[in-house]
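# Examination of the molecular architecture
Here is what each chain is made of, one letter per residue.
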Amino acid sequence: MHLKELKIGNFVAKVPIFQGGMSVKVSTAPLVAAVANEGGVGLIGGTGISVEELIDQIHQTKKLTQGVFGVNVMVAIDNFIEIVKASIEEKVNLIAVGAGFSREVFKLCNKTGVEVVPIVSSVKAAQISERLGANAVIVEGGDAGGHLGTDISVGDLMPGIRAAVKIPVIAAGGLVDGNDIADMISLGADGVQLGNRFVLCDECDVHPNYKKVFLEAKKDDLTTILSPVGYMGSAVKNHFVKEFLKNETDKVTQCTNCLKVCSRSFCILERLQMARDGDMENGLFFAGRNVYKINDILSTKEIFRKLVKEANEKLASLAK
Ligand SMILES: Cc1cc2nc3c(=O)[nH]c(=O)nc-3n(C[C@H](O)[C@H](O)[C@H](O)COP(=O)(O)O)c2cc1C
């Protein structure tokens, strides 16, 4: 057994590895294109940016690659439909939809050549997605970074969802190396999605302090925090998170109404931007629970080489 290319609707990824979309300019053109050039699927973080910024990111990515890439967007954001429409007009390969469920996205993408890949955390959501026309689903477990739809691990979610749908299933959450990837393929996944691993990557153009926070994170430094979006979010326990967990509120000085519904317990956009810009104390550093297992910053090329080699070796040994 070995990793196989992955066909989803109209596109084929030579390597079945997705780089998870990461909001507020964590996954941008240089990273997305580098992943696509390795034969994987790159995803621009389409949340926390304007439509004009998204179009610019898509154009920049197209200049750097002819590979497969798309846009990840959260249903919960105010400009969700505009981001979806712009992605369709710009003819990206796919739209990965998280943090909520949208029926409209299926209608909008229908027959446009842009594939819809919802992020799900339950059998029911996977089945509804398939019925509405999803081309694949990303099954995200509770060890993932960012907003979470469950506290169940992806390993526990996989068998039920695999058995319930026929479309390709991409496993995500807490996967850091090729052994983890092989485990997911053995559970019936057609591909995998990684987030943390691609932050600790040369082509990820966040502030160097962002990578420092990731590299220095210990197992006990990861926690969950109730996001104003209404979902739990997995993040590094820095000064801001510790203070917020004590008081459960924070001053919101200005608001751009970036979310459809917001508890206003803190400004998530501002805190994620602070993290992106390297404010180690006051930023919100979304991170998956296994970030502490990654101890190096590598090029995208080297990450793919290692992941594929490790995964294929483990798959071969499992087949014996
Ligand atoms: C910094 C960061 C930001 C993220 N932002 C988003 C996002 O905007 N939308 C989304 O669907 N998932 C988001 N995620 C989740 C990733 O796309 C990916 O599914 C997840 O990180 C996989 O788990 P891992 O980090 O353990 O590999 C984010 C993750 C991280 C680490």
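Structure: see above.
Worth saying up front: this structure is predicted, and the values here are computed from it rather than measured.

## Things to note about the site of the ligand
Taken together, 29 residues lie around the ligand, and Gly 20, Gly 98, Gly 145, Gly 195 and Gly 288 are the ones closest in. Those elements that provide at least two residues to the shell around the ligand are strand 5 (68-74), strand 11 (191-194) and helix 8 (196-199). Of the residues belonging to the shell around the ligand, the class tally is 11 nonpolar, 16 polar and two charged. Both domains that furnish three or more residues to the shell around the ligand are identified here as domain 1 (6-205 + 295-319) and domain 2 (209-291).

## Comments concerning the pairing of strand 7 (residues 115-120)
Of all six residues that make up strand 7, six are buried, and the element is covered over most of its length. Across four bridges, the pairing between strand 6 (residues 94-98) and strand 7 is parallel. When the sheet's bridge partners are listed, Ile 95 is paired in strand 7 with Val 116. Taken together, strand 6, helix 4 (residues 104-109) and strand 7 constitute a β-α-β crossover, and its handedness is right-handed.

## Examining the sheet that holds strand 13 (residues 232-236)
Hydrogen bonds between backbone groups are what pair the strands of a sheet, and the pairing can be parallel or antiparallel. The strand order across the open sheet built from three strands is 9-13-12, with neighbouring strands paired in antiparallel fashion. Every interior strand has two partners, whereas the edge strands, strand 9 (146-148) and strand 12 (222-226), have only one. Averaged over neighbouring strand pairs, the angle between their axes works out to 40° when direction is ignored. Sheet topology note: the strand 12/strand 13 ladder contains five bridges and is antiparallel. Looking at the pairing, Thr 224 lines up with Ser 234 of strand 13.

## Quick look at unusual backbone geometry
One non-glycine residue, Val 24, lies in positive phi territory at about 50°. Among the structural elements, Val 24 can be located in the loop between strand 3 (17-19) and helix 1 (29-37). Overall, Val 24 belongs to the buried group, with 23 C-beta atoms counted inside 10 Å. Notably, Asn 257 is not glycine yet its phi reads approximately 50°, a positive angle. With respect to the secondary-structure elements, Asn 257 resides in the loop between helix 10 (239-247) and helix 11 (268-276). The exposure class assigned to Asn 257 is exposed, which follows from the 7 C-beta atoms found within 10 Å.

Scoring rules and cut-offs
- Residues numbered from 1 in each chain as written.
- Predicted model: local features only at pLDDT ≥ 70, side-chain atom pairs only at ≥ 80, totals over all residues.
- Near = placed C-beta within 6 Å.
- Helix = DSSP H or I, 4+ residues; strand = E, 2+ residues; numbered from the N terminus.
- Nonpolar A, V, L, I, M, F, W, Y, C, P; charged D, E, K, R; others polar.
- Domains from an automatic or database assignment.
- Buried ≥ 20, exposed ≤ 12 C-beta atoms within 10 Å, placed from the backbone.
- Pairing = 2+ DSSP bridges.
- Right-handed = clockwise from strand over helix to strand, strands pointing away.
- Axes fitted to C-alpha atoms, helices over the stretch in contact; angles between N-to-C directions.

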